Amino acid sequence: VYASPDAAPLPDAVVVASGGVITAIGSRSDVRVPPDARVIDCTGKTVVAGFWNSHVHFTQAVWRNAASAPAAALEEHMQEMLTRWGFTTVWDLGSDPRDSLPLRQRVNSGEVPGPNIRLAGDIFPKGGHPVYLPAELQLPEAATSDEATQMSRTYLEKGLDGIKLFTGVYMGDKPVVNMDGAIARAAVEVAHAQGKPVFAHPQNRTGLEIVIEAGVDVLAHITPGEPGYSPEQLARFKSQGTALIPTLSLFAKTIGGAALSARLVDSGVSQLKAFSENGSTVLFGTDVGFTTIYDTSLEYELMHRALSERQILASLTTNPALYFKAAKKGKVEVGFDGDLAILDGDPVADVSNLAKVAYTIRAGEMIYR
C-alpha cells in the first residue's frame, strides 16, 4: 500500500473500509478484519488512492438521454471509459447538463456504478465555434461580460461545480478566435464568488495571457503550438496558483500526421517539465470522451518523459484532492473516503502499472473488477 505518493510502501498490508470510509490500515498481523467483511485478496498487488481524471467529457451518444437510458449500457461504457482505469473522481469539462446531471444522479444513487462526477459549464467567445465540433451543434457563446456573468450564474444555479472558458478557439486555416479578457474576468468573478474553479482552453499566447489576466485556475491543456511558457508566464502561474492538465495523448493521437504529432508532443513535454519544475500543480487528465483513447498507458508514458513515477501518482491523487479542496480524498488513510485503485503491479517501480487496474473501489463499493 502507498498511503500517498511520497510515502514508503507498506508491505503485507490490510485496508478496511466501512460506511464508505477507511477505518483501519496496517500490517496483516495488526489489523483486525471484521468477520462480516467482504475480503478482496490483493496478494501481489498494490493499493493506492482512487484516481482523478480532471478532464473528461460525457458527450458521446451513449450518454444522451441519460435520465432514462438503460443502466446496463451506461455501466458498460462507464467501465470502458473510466472505472477500469482506476478513476473514482472525474471533472467533466463540458457536456449537456440535461444528460450529465441525471447521469450523476444515477451514479450517486448506485444504480450505475461510476466515479464521483464534477461538472463544469462551457463558455465560448462570440464567433468561436471550433472546427472539430459539428457545425450544427449549438454552443454557449458570450459576446459581452453581462452574457458571461449570466451564463456562469445559470450553470452554477443548475448544480454545476465550475466553469470552463475557451480563451482561444481553433478555427482550422482561419485565425484563432480569442475571448475578450473582460468577458473571461466576468465569468471568473461569478465562479470565485461561490468558491468554484474556472478551467480554460487556451490556443495561443494571447489565450494564455487572458488566462493570467482573468485569474483562471486551471489550464485544461498544454499549448503545444507555442514555443513554451515564458519566464513571466511561469512566474504568474505560480503566484496565482494556476494548475495544468497536460492531455499529451490528445496531441499524440488526434492532431495531424505522425511528424506533426511528434513535434506537438515534444513541445508539450517541454511545457509540462517547465511547469512542474516551476513548482506549480500538475493534474492528470486525458480529454477522454472527446477522444476515444480510453487506455491511459500512453498518457503515463508521455508524462514520464517530464515527471517521475511519484509525481504522476500525485497528479492522480493528492494534487487534485488538495487543489480542489476535497479534504478526505487522495490518500489511503484512516478517516479518508474509501476510494481505492488496486493495481497488478507497483507504479513506483514501473509507471505503466498505473494502467493495470484489477479493482476500482469508490466509497468502499466496488465499481470495477
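None of these values were measured; they are calculated from a predicted model. (Residues numbered from 1 in each chain as written. Predicted model: local features only at pLDDT ≥ 70, side-chain atom pairs only at ≥ 80, totals over all residues. Heavy atoms only, no water.)

Asks: Teacher, can you tell me more about the overall build of the chain here?
Replies: A tally of regular secondary structure across the chain gives eleven helices and 16 strands. What you see for the chain is a C-alpha radius of gyration of 20 Å, in line with the 21 Å of a compact globule of 369 residues. In terms of its C-alpha atoms, the chain occupies a principal-axis envelope of roughly 65 × 45 × 40 Å. Expressed as a percentage of its 369 residues, the buried residues of the chain come to 55%. Taking the contacts inside the chain whose residues are at least 6 apart along the sequence as the reference set, 71% of them involve residues at least 24 apart. (Helix = DSSP H or I, 4+ residues; strand = E, 2+ residues; numbered from the N terminus. Rg over C-alpha atoms; globule rule 2.2 N^0.38 Å. Buried < 20%, exposed > 50% of the residue type's maximum accessible area, 1.4 Å probe, protein only. Contact = heavy atoms within 4.5 Å.)

Asks: Would you mind showing me how to read helix α4 (residues 181-193) here?
Replies: At 3.6 residues per turn, the α-helix brings residues three or four places apart onto the same side. Counted at 1.5 Å a residue, the expected span for α4 with its 13 residues is 18 Å, and the 18 Å between its end C-alpha atoms agrees. Within the sequence span of α4, burial applies to G181, I183, A184, A186, A187, V188, V190 and A191. Where α4 is buried, its residues meet β6 (116-125), β7 (141-142), α3 (145-157), β8 (162-165), β11 (198-200) and α5 (205-214). N-cap assignment for α4: the residue whose side-chain oxygen lies 2.9 Å from the backbone N of A182 is D180. (Expected span 1.5 Å × (residues − 1). Polar contact = N/O pair within 3.5 Å; in protein donor to acceptor, adjacent residues only side chain to side chain.)

Asks: Even after reading the chapter, I still don't get the layout of surface pockets, so can you show me in this structure?
Replies: Over the atoms rolls a probe the size of a water molecule, and its path tells where empty space is left. Roughly 940 Å³ of internal volume is contained in the second largest pocket. Sorting the residues of the lining of the second largest pocket by element identifies β1 (13-18), β14 (340-343) and β16 (365-368) as the ones contributing at least two each. When residues of the lining of the second largest pocket are assigned to their parent elements, the largest contribution, six residues, is made by β1. Its residues placed into classes, the lining of the second largest pocket shows 20 nonpolar, seven polar and seven charged. (1 Å grid on protein atoms, 1.4 Å probe; cavity = no way out; pocket = protein on both sides within 12 Å on 5 of 7 lines; lining within 4 Å. Points joined across faces, edges and corners; volume = space filled by probe spheres on them. Nonpolar A, V, L, I, M, F, W, Y, C, P; charged D, E, K, R; others polar.)

Asks: So what exactly am I meant to see when it comes to empty space enclosed by the protein here?
Replies: Counted under the stated rule, the structure contains one cavity of 30 Å³ or more. Of the volumes computed, that of the largest cavity is approximately 30 Å³. What lines the largest cavity is simply Y2, A3, S4, P5, V48, A49, L313, T317 and G330. Of the residues assigned to the lining of the largest cavity, the class counts are six nonpolar, three polar and no charged.

Asks: Would you mind showing me how to read the pattern of salt bridges here?
Replies: When the charged atoms of two side chains lie near each other, side chains of opposite charge can form a pair. For the structure on display, the rule yields ten salt bridges. The partner of D344 in a salt bridge is K45, with the nearest N and O atoms 2.8 Å apart. Of this pair, D344 sits in the loop between β14 and β15 (357-362) while K45 sits in the loop between β2 (21-27) and β3 (46-49), placing them 299 residues apart in sequence. Owing to a relative accessible area of 41%, D344 belongs among the partly exposed residues under this scheme. In this structure K45 comes out as partly exposed when scored by relative accessible area, which is 29%. The partner of E111 in a salt bridge is R106, and the shortest N-O contact between them spans 2.8 Å. On the basis of relative accessibility, which here comes to 42%, the residue E111 falls in the partly exposed class. (Salt bridge = Lys/Arg side-chain N within 4 Å of Asp/Glu carboxyl O.)

Asks: Sorry, what's going on with the nonpolar core here?
Replies: Nonpolar side chains tend toward joint burial in soluble globular proteins. Of all hydrophobic cores here, the largest spans 79 residues; its most connected members are F51, F58 and L165. In terms of residue count, the dominant contributor to this core is α4 (seven residues). In contact with L165, other than residues within four places in its own chain, are I123, M179, A184, A187, V188, V198, F199, A200, H201 and V216. Core analysis: the second largest hydrophobic core is formed by 14 residues, W91, A120, I245 and A321 among them. (Core = buried A, V, L, I, M, F, W, Y, C linked by side-chain atoms within 4.5 Å.)

Asks: Just checking my understanding: could you explain the pairing of strand β5 (residues 87-92) for this structure?
Replies: Within a regular strand, the side chains alternate between the two sheet faces. Counting buried residues in β5 gives six out of six residues, a clear majority hidden from the surface. Here four bridges tie strand β4 (residues 51-56) to β5, and the two strands are oriented parallel to one another. Across the sheet, the residue bridging to W52 is T89, located in β5. Regarding the hand of the β-α-β motif, the stretch spanning β4, helix α1 (residues 71-81) and β5 is right-handed. Relative to β6, β5 runs parallel, the two being bridged by four bridges. Paired with W91 across the two strands is R118, which belongs to β6. (Pairing = 2+ DSSP bridges. Right-handed = clockwise from strand over helix to strand, strands pointing away.)

Asks: Help me understand the side chain of D122, please; the structure alone is not making it clear to me.
Replies: Turning to its location among the elements, D122 is positioned in strand β6. K164 provides the closest opposite charge to the buried, salt-bridge-free D122, at an N-O distance of 4.7 Å. Not counting chain neighbours up to four residues away, the residues in contact with D122 comprise L93, G94, P140, Y155, K164 and F166. (Lys, Arg positive; Asp, Glu negative; His and termini not counted.)

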